[in-house]
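Listed below are the residues making up each chain.
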There are 2 protein chains.
Amino acid sequence: MQIAILLYNRFTTLDAIGPYQTLSQLPGAETVFVAERPGIVRDDVGSVGLAVEAALADVTEPDILVVPGGLGQVEQMDNGALLDWVRAVDGHTTWTTSVCNGSLILGAAGLLKGRRATSHWVTLDQLPGLEAEPTGERVVFDGKYVTAAGVSSGIDMGLALAGRIAGDPVAQSIQLGIEYDPQPPYDAGSPDKAPAEITALLRERLGVLLPGPEQPRQPR
Amino acid sequence: MQIAILLYNRFTTLDAIGPYQTLSQLPGAETVFVAERPGIVRDDVGSVGLAVEAALADVTEPDILVVPGGLGQVEQMDNGALLDWVRAVDGHTTWTTSVCNGSLILGAAGLLKGRRATSHWVTLDQLPGLEAEPTGERVVFDGKYVTAAGVSSGIDMGLALAGRIAGDPVAQSIQLGIEYDPQPPYDAGSPDKAPAEITALLRERLGVLLPGPEQPRQPR
């Protein structure tokens, strides 16, 4: 079972690592990081450089595709070669997944038309422009398409998907292995729970960094 | 504010990335990954290679030290150069932290003597041999020493520490930015919550991979 995690310049590291740390522990799993240009791919904070050995052409039939989000997502919306690859490998996957605003890349590739999906809360309203139906759920399954909310939600998605693939005991064992018994020090992890002024500030700041298209974008 | 994240062969990626994705967003933070041998450092699953530019000698006065755990932790317990560096930089840090069995490295460096600390649940019983007092808490503050439980707990630690450093609103904003509103599909993330047979199996499997010393080890 090959898991392909697509990286691009200015991805968000935890978006990729949440699914990685869970799904890579499935029996028989082999994970490959893949990018348009192999080498060191840097994240959107700038301090992580992840070594990528596989070019797009090297990965043609993954069983699971994971598309993380990140501040570099916007540029990928017009990256024809990358979107073509996403569409092509989707023809072979058992599961096509995304974390955070990675779902906008799936949407731009035309894969979420008419499907329920999610995204980072700041970019959720960009889904209808890609003909997807946004939900307020943290992890959304629609057929073989699995989208997760912002950044850290990839852990929840990875465990949920592990359960579908290998059964509950395996997924529970992975959860116990990473001691995922979350105890956040605040209850501020979603826009309706965080203090209103913090939500407003962050929405404004991230909204500038992750703009939707000025004109409604047609999925390709 | 420099955050130094120590890597070594066969570290656990999420151990390092949980604190990274939270602490690196503190105002004025600069994160550096550091290792005995710079270059690509591989994790304990084997598919992640993280680019490390700084050697131990290049990082002498970090404000925050983060020591992740991993299957390679055992070998580092006898790595004098690495333990010497941990002790030396600890002389300059404001916060010295670990995730998972990374606390055993802090302990081997002699930094947890007489302190309350935690570790991955499988290795918790190795703390007394390092003169530390194990607790059942997920994140343990004892003076400037902050230790977190297994793998995913580094996210909780990063947020708690962000709050101590920069105040609650900043930490809440970071939590909202990574949409950390966890919804695990199972309640199996700690040994007392997971089904007993799963806990027993994992304890046996990980216990072999992460053995304590045959003779009680004296912290250096």
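Everything in this summary refers to the structure shown in the same document. (Residues numbered from 1 in each chain as written. Chains lettered and ligands numbered in written order. Predicted model: local features only at pLDDT ≥ 70, side-chain atom pairs only at ≥ 80, totals over all residues.)

**Some thoughts on helix H6 (residues 168-177) of chain B**
Every α-helix winds through 3.6 residues per turn, so residues three or four apart in the chain are directed the same way.
For step 1, the next point in the chain: Burial within H6(B) is extensive, with seven of its 10 residues counted as buried.
For step 2, the next point in the chain: Considered for burial, the residues of H6(B) that qualify are Ala171(B), Gln172(B), Ser173(B), Ile174(B), Gln175(B), Leu176(B) and Gly177(B).
For step 3, the next point in the chain: In this structure, the buried residues of H6(B) make contact with helix H7 (196-209) of chain A together with helix H1 (13-23) and helix H5 (153-166) of chain B.
For step 4, the next point in the chain: Residue Glu179(B) follows H6(B) closely and has a positive phi angle near 45 degrees. (Buried ≥ 20, exposed ≤ 12 C-beta atoms within 10 Å, placed from the backbone. Helix = DSSP H or I, 4+ residues; strand = E, 2+ residues; numbered from the N terminus. Contact = placed C-beta atoms within 7 Å.)

**With respect to the packing of helix H1 (residues 13-23) of chain A against helix H5 (residues 153-166) of chain A**
All names here are of chain A.
For step 1, the next point in the chain: H5 packs onto H1 with a crossing angle of 30 degrees between their chain directions and a minimal axis gap of 7 Å. Taken together, the axes of H1 and H5 are roughly parallel relative to one another. Crossing geometry of H1 relative to H5 is assigned as right-handed. The segment H1 lies against H5, with Asp15, Gly18, Pro19, Thr22 and Leu23 engaging Gly154, Ile155, Met157, Gly158, Leu159, Leu161 and Ala162.
For step 2, the next point in the chain: Tallied by class, residues from the contact of H1 with H5 come to seven nonpolar, four polar and one charged. (Axes fitted to C-alpha atoms, helices over the stretch in contact; angles between N-to-C directions. Parallel < 35°, antiparallel > 145°, perpendicular 65-115°, else oblique. Left-handed = near helix turned anticlockwise from the far one by under 90°. Nonpolar A, V, L, I, M, F, W, Y, C, P; charged D, E, K, R; others polar.)

**Focus: the interface of chain A and chain B**
It is common to report an interface's size as the accessible area lost on association of the parts.
For step 1, the next point in the chain: Tallying the contact residues gives 56 residues for chain A and 56 residues for chain B.
For step 2, the next point in the chain: When contributions to the side of chain A that touches chain B are tallied by element, the ones reaching two or more residues are H1, strand S2 (30-35), strand S4 (49-52), H5, helix H6 (168-177) and H7 of chain A.
For step 3, the next point in the chain: Per-element tally for the side of chain A that touches chain B: the top contributor is H6(A), with eight residues.

**Overview of the packing of H5(B) against H6(B)**
All names here are of chain B.
For step 1, the next point in the chain: Following both chains from N to C, one finds H5 and H6 inclined at 145 degrees, their axes separated by 7 Å at the closest point. The hand of the H5/H6 crossing is right-handed. Here Leu159, Ala162, Gly163 and Ala166 of H5 lie close against H6, whose contacting residues are Asp168, Val170, Ala171, Ile174 and Gln175.
For step 2, the next point in the chain: The residue inventory of the contact of H5 with H6, partitioned by class, reads six nonpolar, two polar and one charged.

**Remarks on the sheet that holds strand S10 (residues 139-142) of chain A**
All names here are of chain A.
For step 1, the next point in the chain: Here seven strands make up an open sheet; going across it, the order is S5-S2-S1-S6-S7-S11-S10 and the pairing mixed. Both outer strands of the open sheet, strand S5 (54-55) and S10, are each paired with one neighbouring strand and no more.
For step 2, the next point in the chain: Pairing geometry for S2 and S5, over two bridges, is parallel. Paired with alanine 35 across the bridge in S5 is alanine 55. (Pairing = 2+ DSSP bridges.)

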